[in-house]
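# Inside the fold
Okay, here's what each chain looks like letter by letter:
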Amino acid sequence: MAEAGDGQQRMDAIVTLIASSMSTEVCSIYLRRGDRKLELCATEGLNRDSVHRAFLLVGQGLVGQIASRSEPIKTADAQNTRGFQYIPGTGEEVYMSFLGVPIQRLGEVLGVLVVQNREARHYSEDDVHGLEVVAMLLAEMTELGAFLGEGDAELAGSHVRPYYARGVSAQEGAAEGVVHLHEPRVMLANPVAEDVEEERRRLTEAVEALRGEVDDLLAGDLLGGAGEHRDVLEAYRMFANDKGWLRRMLASVDSGLAAEVAVEREQTAVRARLARIADPYLRERAHDLDDLANKLMRHLAGERGQREVPPGAVLVARNIGPGELLDYGDRLAGVVLEEGAIGSHAAIVARALAIPLVIQVGRLTLEARNGDPILVDGDVGAVHLRPDDTIHGAFREKLDMRAQAMEAWRALRDEPALTLDGQRVGLHMNAGLLTDLPSLEGSGAEGVGLYRTELQFLIRARVPLRSEQAALYDRVLSNARGKRVVFRTLDIGSDKVLPYMKRLEEPNPALGWRAIRISLDRPNILKMQLQSLLRGAAGRSFAVMFPMVAQASEFSQARAMTLEQLERHIRNGWPAPSRLEIGAMLETPSLAFAPDHFFREADFISIGGNDLKQFFFAADRENERVRRRYDAFNASYLSFIRMIVDRCEAHGTPLSYCGEDVGRPLEAMALTAMGVRTLSMRPASIGPVKRLLRSVDLREVRGVIDAGIGRGDVNLRGALAGWARDAGVGDLL
Ligand code: PEP
Ligand code: MG
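To start, this report covers the structure provided alongside it. All of these numbers come straight from a predicted model, not from anything done at the bench.

## Regarding the site of ligand 1
With respect to spatial proximity, 14 residues lie near ligand 1, and among them Arg 452, Arg 488, Glu 587, Asn 610 and Arg 621 are the closest. A distance of 2.8 Å separates an oxygen atom of ligand 1 from a polar side-chain atom of Arg 488. At 2.8 Å from an oxygen atom of ligand 1 is found a side-chain nitrogen or oxygen belonging to Arg 621. Broken down by secondary-structure element, the contributors of at least two residues to the shell around ligand 1 are strand 17 (447–452) and helix 21 (609–616). Looking at which element gives the most residues to the shell around ligand 1, the answer is helix 21, with 3 residues.

## Some words on unusual backbone geometry
Positive phi values are uncommon outside glycine, yet Arg 363 reaches one of about 65 degrees. Here Arg 363 lies in the loop between strand 12 (357–359) and helix 11 (364–367). A residue is classified by how much of its surface remains accessible, and Arg 363, at 35% relative accessible area, is partly exposed. Within the chain, Met 548 stands out as a residue other than glycine whose phi angle is a positive 60 degrees. Its place among the elements puts Met 548 in strand 19 (residues 542–549).

## Describing the sheet that holds strand 10 (residues 313–317)
Spatial strand order, 7-14-13-9-10-11-12-8: 8 strands in an open sheet with mixed pairing. Strands with a single pairing partner mark the edges of an open sheet, and in this sheet they are strand 7 (163–166) and strand 8 (168–171). Shown here is a sheet whose adjacent strand axes are inclined to one another by a mean of 30 degrees, direction ignored. Where strand 11 (residues 332–337) meets strand 12, 2 bridges bridge the pair, whose relative direction is parallel. Looking across to strand 12, one finds that Val 336 is bridged to Val 358. Packing of helix 12 (residues 389–411) onto the sheet brings it into contact with strand 9 (174–181), strand 13 (373–377) and strand 14 (382–385), and relative to strand 9 it is tilted by some 120 degrees.

## Let's talk about the layout of surface pockets
For the second largest pocket, the calculated volume is near 340 Å³. In terms of lining residues, the second largest pocket is bounded by 16 residues, among which Gln 104, Glu 132, Arg 265, Thr 268 and Ala 269 are the most central. The set of elements that each furnish at least two residues to the lining of the second largest pocket consists of strand 5 (97–105), helix 3 (125–144) and helix 7 (259–274). The element that contributes the greatest number of residues to the lining of the second largest pocket is helix 7, accounting for 6 residues. Here the residues of the lining of the second largest pocket sort into 7 nonpolar, 3 polar and 6 charged.

## A few points about the coordination of the magnesium ion (ligand 2)
Octahedral six-donor coordination of a metal ideally yields angles of 90 or 180 degrees, compared with 109.5 degrees for tetrahedral four-donor coordination. Binding of the magnesium ion (ligand 2) to the protein goes through Glu 587 (OE) and Asp 611 (OD), at separations of 2.0 Å. You can see Glu 587 sitting in the loop between strand 20 (580–586) and helix 19 (589–592) and its partner Asp 611 sitting in helix 21, a full 24 residues away along the chain. No difference in accessibility class separates Glu 587 from Asp 611, as the two residues are buried.

## Remarks on helix 18 (residues 552–571)
In an α-helix there are 3.6 residues to a turn, and that puts residues three or four apart on one side. Compared with an ideal rise of 1.5 Å per residue, which puts 20 residues at 28 Å, helix 18 spans 28 Å between its outermost C-alpha atoms and is within 8% of the ideal. Listed as buried for helix 18 are Ala 552, Glu 554, Phe 555, Ala 558, Met 561, Thr 562, Gln 565, Leu 566 and His 569. Where helix 18 ends, the next residue or the one after it, Gly 573, has phi of about 85 degrees, a positive value.

## A few points about the pattern of salt bridges
All told, the structure shown has 47 salt bridges when counted by the stated rule. Among the salt bridges present, the one from Arg 121 reaches Asp 127, with a minimum N-O distance of 3.7 Å. Residue classification places Asp 127 among the buried residues on the basis of a relative accessible area of 18%. Three or more residues joined by partner-sharing salt bridges are found here, namely Lys 613, Asp 631, Asp 661, Arg 664, Glu 667 and Arg 717.

## Structural notes on the nonpolar core
Ranked by size, the top nonpolar core spans 118 residues in total, and within it Leu 325, Phe 598, Ile 641, Ile 644, Leu 679 and Leu 720 carry the most contacts. With 8 residues, the single largest contributor to this core is helix 23 (residues 635–651). With sequence-adjacent residues up to four places away left out, Leu 720 is seen in contact with Phe 633, Leu 666, Met 669, Ala 670, Val 701, Val 704 and Ile 705. With 28 residues, the next largest nonpolar core counts Val 214, Ala 240, Leu 246 and Leu 292 among its residues.

## Side note on the packing of aromatic side chains
In total, this model carries 12 aromatic pairs according to the counting rule given. Between Phe 555 and Phe 598, the aromatic rings sit 5.5 Å apart at their centres with planes inclined by 90 degrees, giving edge-to-face as the arrangement. Within this pair, whereas Phe 555 is found in helix 18, its partner Phe 598 is found in helix 20 (residues 596–601), the two being separated by 43 residues in sequence. Each member of the pair, Phe 555 as well as Phe 598, carries the same accessibility label: buried. For the pair Phe 616 and Phe 617, a centre-to-centre distance of 5.2 Å together with 85 degrees between the ring planes defines the contact as edge-to-face. In this structure Phe 616 comes out as partly exposed when scored by relative accessible area, which is 27%. Its guanidinium or amino end placed over the ring of Phe 55, Lys 37 lies 4.4 Å from that ring's centre, counting from NZ or CZ.

## Digging into the side chain of Gln 171
Looking at where Gln 171 falls in the secondary structure, it is placed in strand 8. Exposure remark for Gln 171: the relative accessible area of 2% places this residue in the buried category. When near neighbours in sequence (up to four residues on either side) are disregarded, Gln 171 contacts Ala 350, Arg 351, Ile 355, Pro 356, Leu 357, Gly 378 and Arg 682.

## Things to note about helix 17 (residues 523–537)
Taking 1.5 Å per residue as the helical rise, helix 17 with its 15 residues ought to reach 21 Å, and the 21 Å between its terminal C-alpha atoms agrees with that figure. Residues of helix 17 that are buried: Leu 526, Met 528, Gln 529, Leu 530, Gln 531, Ser 532, Leu 533, Leu 534, Gly 536 and Ala 537. Those residues of helix 17 hidden inside the fold are in contact with helix 14 (454–458), helix 15 (466–480), strand 18 (484–488), helix 16 (515–521), strand 19 and helix 18.

## Focus: empty space enclosed by the protein
Summed over the entire model, instances satisfying the criterion amount to 5 cavities of 30 Å³ or more. A volume near 150 Å³ is recorded for the largest cavity. What lines the largest cavity is a set of 13 residues, and nearest its centre among them are Ile 348, Arg 351, Ala 352, Asn 430 and Arg 452. Every element with two or more residues in the lining of the largest cavity is listed here: helix 10 (345–353) and strand 16 (424–431).

The rules behind these values
Residues numbered from 1 in each chain as written. Chains lettered and ligands numbered in written order. Predicted model: local features only at pLDDT ≥ 70, side-chain atom pairs only at ≥ 80, totals over all residues. Heavy atoms only, no water. Near = heavy atom within 4 Å. Polar contact = N/O pair within 3.5 Å; in protein donor to acceptor, adjacent residues only side chain to side chain. Helix = DSSP H or I, 4+ residues; strand = E, 2+ residues; numbered from the N terminus. Buried < 20%, exposed > 50% of the residue type's maximum accessible area, 1.4 Å probe, protein only. Pairing = 2+ DSSP bridges. Axes fitted to C-alpha atoms, helices over the stretch in contact; angles between N-to-C directions. Contact = heavy atoms within 4.5 Å. 1 Å grid on protein atoms, 1.4 Å probe; cavity = no way out; pocket = protein on both sides within 12 Å on 5 of 7 lines; lining within 4 Å. Points joined across faces, edges and corners; volume = space filled by probe spheres on them. Nonpolar A, V, L, I, M, F, W, Y, C, P; charged D, E, K, R; others polar. Donors = N, O, S within 2.8 Å, 3.2 Å for Na, K, Ca; no water. Expected span 1.5 Å × (residues − 1). Salt bridge = Lys/Arg side-chain N within 4 Å of Asp/Glu carboxyl O. Core = buried A, V, L, I, M, F, W, Y, C linked by side-chain atoms within 4.5 Å. Phe/Tyr/Trp six-rings, centres within 6.5 Å; stacked < 30°, edge-to-face > 60°. Lys NZ or Arg CZ within 6 Å of the ring centre and 35° of its normal.

Written out as structure tokens, the structure is:
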């Protein structure tokens, strides 16, 4: 295989060599073209005129079945084997026996390698194994472009062509950069073991080092004991010490593969199995084994530590946890995940880092290579890998437009959000990480309307100590320099599972034991948090609010606990906050119908639209199938918001809205027209929202909404967007 020559000559030489050494009359290589087709690219024994002219679809004939199932097929009676179909013109019909194996790499089928004999020959397991090893090498070489000849664009490996994929947008924005794989694929210059003993030594040492690493992870696991997290580490240990795993890899080395290729071979087998496992638990375990193989690869490559993150890096991963994402910090321009969910912690972190995030992009970790140019369009949830010049040009224009708009927003930073009819709207920002806080200055936010305290809990391996919590709250308030900060108490449960908390099996976690329900049932965590807040504030004013309040008594209880802690704090002789506001989030429809005393007791109310909408419409916010059916422009929802505004006004209770909706200008405009006067959103949205609000007369907007509701419109998005265009502010949406 190492011999010189162009791609076709190499392939021709390989099929001749295999046929003679395995004593078969036929040996053929079929390579994948696009998603669906397989092309006969070289043959010994079949009609040579059909090379590059004979095609099969994936799934069609024995060859197509090997490609679709990524499993070998052997038979001594091909014609009578189910699915057999010969390709006319190849002369295949006279061969009785057939053995074919997939040419695959890491779960991706690149082609099929076949041998055939005229008589009924029963191929042995050794024949299958031998052919698989050769196929493995062919896969490596296909990837390296070894079969490319002059001007062979058609035959170009899959990793040089442009690749476009559509996923789901989890954070808007646009980024142009280069791929940085979270788990890199190793490219080998030479997949063949030159010195088998040396390769055995490398592999054995790498496995030893891996076992040590896993033991270290387990020893350093401060949680000691319970949790999913621990399960994963235990699974790693079990796999790392599995004798069969090492034995199979060593056998591959003995048959002539380099250590890395031997590891890959195991990985390929796991991935092929993964595709067929339906059980979610077993799938996760198979994923663990895959992750472990990646770790082993890094040991072989000798790069254990942090890899260099290139400028403009776009992180590409199957999935990533919030902690790992935070480790990359501000070195990333964007993130693309094959899995992931909009409401996931990683999405919240990406939002906090203000970088575009696209999730559910199939196959990207297979298609992408480190350093590949990539464009991420977070607005529509699209990814262009290795884009051609036209796409690149169009994308640059989009980036320029964004930059111009940014300039316009920056110019408004110190201006108030004053509408044409003289209504003053307060614009605050949502935060949850210390890295968010510089945006308080830059964005022109008037304060932090929602500080999600749970992020500090989510990204750690254990409950943060009181001193750590207090130190964080102290820094948040110092950074805010006297601006108002609303700390939301721990909002966990549902999708936000603390790594160190035993995961409860609940039939409907979003409707389950979460947020304030946990805080009231397990008051120690809340008490500790309240004490930390009072301590961190050290006399400065702040606001606290409770998530997911569903009935007035829950708020009263939490408020009483807060006042108790305040008393205790004062009794200890510590400085009392100059002002302490205690508010509630309105995230369940029931709270809007609470008795009057609730509205008098709460110092303020903040609508958590993300949850309120999901409960109002009975549509899971994390379920893409149902989430998109309803939105904040729904007439019933707007009427409901008006009702909440009316109740708050009747009691003089300040009201704000802190769900994601108000981060989009048109939604923000509709909700302020319903009477909400304080909005809290991600910092990047403040500029665009302010710009639109300053250009509209809310009485007119309200007129459009009222007229629509009067007419019986179900949804007012169209009417409002149309009005905005007519009013000449369409470009600000
Ligand atoms: C909300 O539900 O609208 C909200 C702001 O809280 P979270 O998104 O953290 O649930
Ligand atoms: Mg919420």
